[in-house]
Amino acid sequence: MEDLGTVPWPPAPIGTERLVLRAPEPRDRATFIELLASPEVHTYLGGPRPREELSRELPEVPEQWPGSFVVALDGSMIGHVLLRRATGHRRPAAAGKVDLGYLFLPRAWGSGYAAEACAAALDWLAGALPGEPVVLTTQSANAGSMRLAAKLGFTEVERFEAWDAEQWLGLRPAEAA
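Residues numbered from 1 in each chain as written. Predicted model: local features only at pLDDT ≥ 70, side-chain atom pairs only at ≥ 80, totals over all residues. Heavy atoms only, no water.

Asks: What should I look at first to understand the packing of aromatic side chains in this one?
Replies: Each pair of aromatic rings is reported with the distance of its centres and the angle of its planes. Tallied over the full model, the rule gives three aromatic pairs. Ring geometry for Trp 9 versus Phe 69: centroids 5.1 Å apart, planes at 70°, classification edge-to-face. Placement of the pair is Trp 9 in the segment before strand S1 (14-15) and Phe 69 in strand S3 (residues 68-73), with a sequence separation of 60 residues. Their ring planes at 80° and their centres at 5.1 Å tell us that Phe 69 and Trp 124 sit as a pair that is edge-to-face. Of this pair, Phe 69 sits in strand S3 while Trp 124 is found in helix H3 (residues 113-128), placing the two residues 55 residues apart along the sequence. This pair shows no difference in class: Phe 69 is buried, exactly as Trp 124 is. These aromatic residues form a ring-pair network of at least three members: Trp 9, Phe 69 and Trp 124. Here the guanidinium or amino end of Arg 91 rests over the ring plane of Phe 160, the centre of that ring lying 4.4 Å away. (Phe/Tyr/Trp six-rings, centres within 6.5 Å; stacked < 30°, edge-to-face > 60°. Helix = DSSP H or I, 4+ residues; strand = E, 2+ residues; numbered from the N terminus. Buried < 20%, exposed > 50% of the residue type's maximum accessible area, 1.4 Å probe, protein only. Lys NZ or Arg CZ within 6 Å of the ring centre and 35° of its normal.)

Asks: Sorry if this is basic, but what is going on with helix H1 (residues 29-37) here?
Replies: Since the α-helix packs 3.6 residues into each turn, any two residues three or four apart lie on the same face. Of the residues making up H1, those classed as buried are Thr 31, Phe 32, Ile 33, Leu 35, Leu 36 and Ala 37. If you follow the buried residues of H1, they end up packed against helix H2 (51-57), S3, strand S4 (76-85) and strand S5 (98-104). (Contact = heavy atoms within 4.5 Å.)

Asks: Looking at this structure, I do not really get the pairing of strand S7 (residues 155-162). What am I missing?
Replies: Strand residues, when the strand is regular, have side chains that alternate between the two faces of the sheet. Sheet analysis places S7 next to strand S8 (residues 165-172), joined by seven bridges and oriented antiparallel. From the neighbouring strand, Glu 156 faces S8, where its bridge partner is Gly 170. The hairpin turn running from S7 into S8, its antiparallel successor, is two residues long, and Trp 163 in that turn takes a positive phi close to 55°. (Pairing = 2+ DSSP bridges.)

These figures capture arrangement, not role.
Here it is, written out as structure tokens:
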């Protein structure tokens, strides 16, 4: 995966009805550790990483590159939305396209925050890189991510086996933006 290249970064914070999407800051480091060490968050992502390892390895400002948005509710980080170019994607249908990824704390699940934040990030992308199709990959067993993909306008391109599970690859054409 690579960043989005020459897009102006960071953008002004993006406000939605309930959330703010902004570039990562040093104050977000503890929440990044919480996200990456959470067994619940990583149920379909290969498992959590050890908290001690993350504490040693994460820089002061984690995930700081174009397309990396902290999702904040009432000033506190509740999730992360990431848009990166899938240059090394294993599936030819995704290679070179922008890939959408997201992680949210379990306490933020079920309130529509992921849909709201991802829609805002995709709107930003449509302005920053007009005409870009976007891909999303998730385990087909991840019902929440499958519902979110449909809500955001992704349609199935293929299913494939990877990491001992069936994966779902969806595409959101540029005209869906």
